[in-house]
Amino acid sequence: MEVEDFHGNNLASTHSWRTPEVSMSRRSSRSLAALVLFAAALAAVPGASAPAPAAKSGLAATEQRLVARVDARREGAVELLRRAVDQPSATENLDGVRKTGAIFAAELAGLGFATRWIELPAEAGRAGHLVAEYRGGGRSVAGARILMIGHLDTVLEGERFRREGDRAFGSGVSDMKGGDVVIVEALRALAGEGLLAGRQVIVVLTGDEEDASEPHSVSRAALLAAARESDIALAFEGAVPGVAVVGRRGFASWRLETSGSTGHLSLIHISEPTRPY
C-alpha cells in the first residue's frame, strides 16, 4: 500500500496531517506481505511440515492460493474500506468509534471469531476497544499464538471516501482503517485455505490510539492481557510498502524539580557581594 499526502509526499517520512491517499493498485501487495508474515508466524512451531516448493514467483503453492484469494476480494476489500472511512470516528466521537468497531466486529464474527466490546470507565472519555478471538484448537493450540493490532479512531474526520483512478482518499483511509481492512482480508484468505484450524489468533482494535486516556494501566489493559496470551504480535499501521518493521526507537520523559538562587552564566566570575542579585 502506497500512502501519500495531497502533494505526493510519502507519509512514512513526514508528519503532515493532510488527508492521505492510498494507491489501490498496491493493496494486494500489502495484503500479501501481511499474509506471508502471518503464515510464517503460524508455521513457527517445532515439527511443522515444510512448505511446498516455491514457484518461479518465489511463492509456495499455498501462498499463491492466498494471493489469488486476496486478488479475488479486491473490490470487496475496497468496499469494506469505504464503509469504514464513511463512518466518522475521531477519538472524541465515542458513538462513531463504536459504530466503526461494529463494522469490523461483524466481519470478524463471520470468520468464526468471538467478538466483544471492552468499555472504558466513563471518566476516561473514550469509547473502548474491540477484541476478537479465534481459538480453533480449544485448549490445544498448534503453532505460535498470534496477536494482530489495529485501531478504530482517527485524528480527523469528515472527509468521505472517494476514488480517483487507482487512488482512494478519505479521513482515516491509511491511519489506520486501511490497516484494519488488511487484518480482516488476511484472516479471510487464511480461513478460506483452512490455515486457521487449530490456531489461536486475537485481534485488538483500540478506540483511543490517537489520544489514549490515563491511566494507561486501564486504557491498555485489554491489549496487555491479549499480549500475555500471545507469542507474536503484528501491528498493521501503514509505513513503507512491503517492509516489516521489527524495531522502534523508544522514548522517555522526566520531570525535574530543583531549588536554589537564580543567576546568569555571564556573572559567574563576579564575586558574590558585588553581584546584582
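This is a predicted model, so every value here is computed, not measured.

A. Region of interest: the packing of aromatic side chains. Inspection of the entire model under this criterion finds 1 aromatic pair. Ring centres of Phe113 and Tyr134 lie 5.2 Å apart, and the angle between their planes is 50°; this geometry places the pair in the tilted category. Residue Phe113 is located in the loop between helix 4 (94-109) and strand 3 (114-118), and its partner Tyr134 is located in strand 4 (residues 129-135); the two are separated by 21 residues in the primary sequence. Tyr134 carries the same exposure label as Phe113, and that label is buried. Residue placement shows Arg162 over the ring face of Phe169; its charged tip is 4.3 Å from the ring centre.

B. Just the pairing of strand 5 (residues 146-151), in detail. With 5 of 6 residues buried, strand 5 is to be regarded as a mostly interior element. Where strand 5 meets strand 8 (residues 200-206), 6 bridges bridge the pair, whose relative direction is parallel. Directly across from Gly150, in strand 8, lies its bridge partner Leu205.

C. Just the sheet that holds strand 4, in detail. A sheet is described by the order of its strands in space; here 5 strands give the open sequence 3-4-8-5-9, paired in mixed fashion. Each of the sheet's edge strands pairs with one partner strand only, and the pair in question is strand 3 and strand 9 (232-235). Adjacent strand axes in the sheet meet at a mean angle of 20°, parallel and antiparallel pairs treated alike. As defined by bridge partners, strand 3 adjoins strand 4 across 5 bridges and the pair is classed as antiparallel. Opposite Thr115, over in strand 4, you have Ala132 as the bridge partner. Helix 5 (residues 177-192) rests against strand 5 and strand 8 of the sheet, and its axis sits at about 145° to strand 5. Of the strands in this sheet, strand 3, strand 4, strand 5 and strand 8 are in contact with helix 7 (residues 221-228), which crosses strand 5 at around 160°.

D. Seen up close, the nonpolar core. Counting residues in hydrophobic clusters, the biggest one holds 40 residues, and the most contacted among them are Phe104, Leu108, Phe113, Met148, Leu187, Val201 and Val203. For this core, the secondary structure elements donating two or more residues are helix 2 (61-72), helix 3 (74-85), helix 4, strand 4, strand 5, helix 5 and strand 8. Considering every element that reaches this core, the biggest residue donor is helix 5, with 7 residues. When near neighbours in sequence (up to four residues on either side) are disregarded, Phe113 contacts Leu108, Ala132, Glu133, Tyr134, Leu187, Leu196, Val201 and Val203. One finds Val131, Leu147, Ile202 and Val204 within the second-largest nonpolar core, a separate group that totals 6 residues.

Rules used in this analysis
- Residues numbered from 1 in each chain as written.
- Predicted model: local features only at pLDDT ≥ 70, side-chain atom pairs only at ≥ 80, totals over all residues.
- Heavy atoms only, no water.
- Phe/Tyr/Trp six-rings, centres within 6.5 Å; stacked < 30°, edge-to-face > 60°.
- Helix = DSSP H or I, 4+ residues; strand = E, 2+ residues; numbered from the N terminus.
- Buried < 20%, exposed > 50% of the residue type's maximum accessible area, 1.4 Å probe, protein only.
- Lys NZ or Arg CZ within 6 Å of the ring centre and 35° of its normal.
- Pairing = 2+ DSSP bridges.
- Axes fitted to C-alpha atoms, helices over the stretch in contact; angles between N-to-C directions.
- Contact = heavy atoms within 4.5 Å.
- Core = buried A, V, L, I, M, F, W, Y, C linked by side-chain atoms within 4.5 Å.

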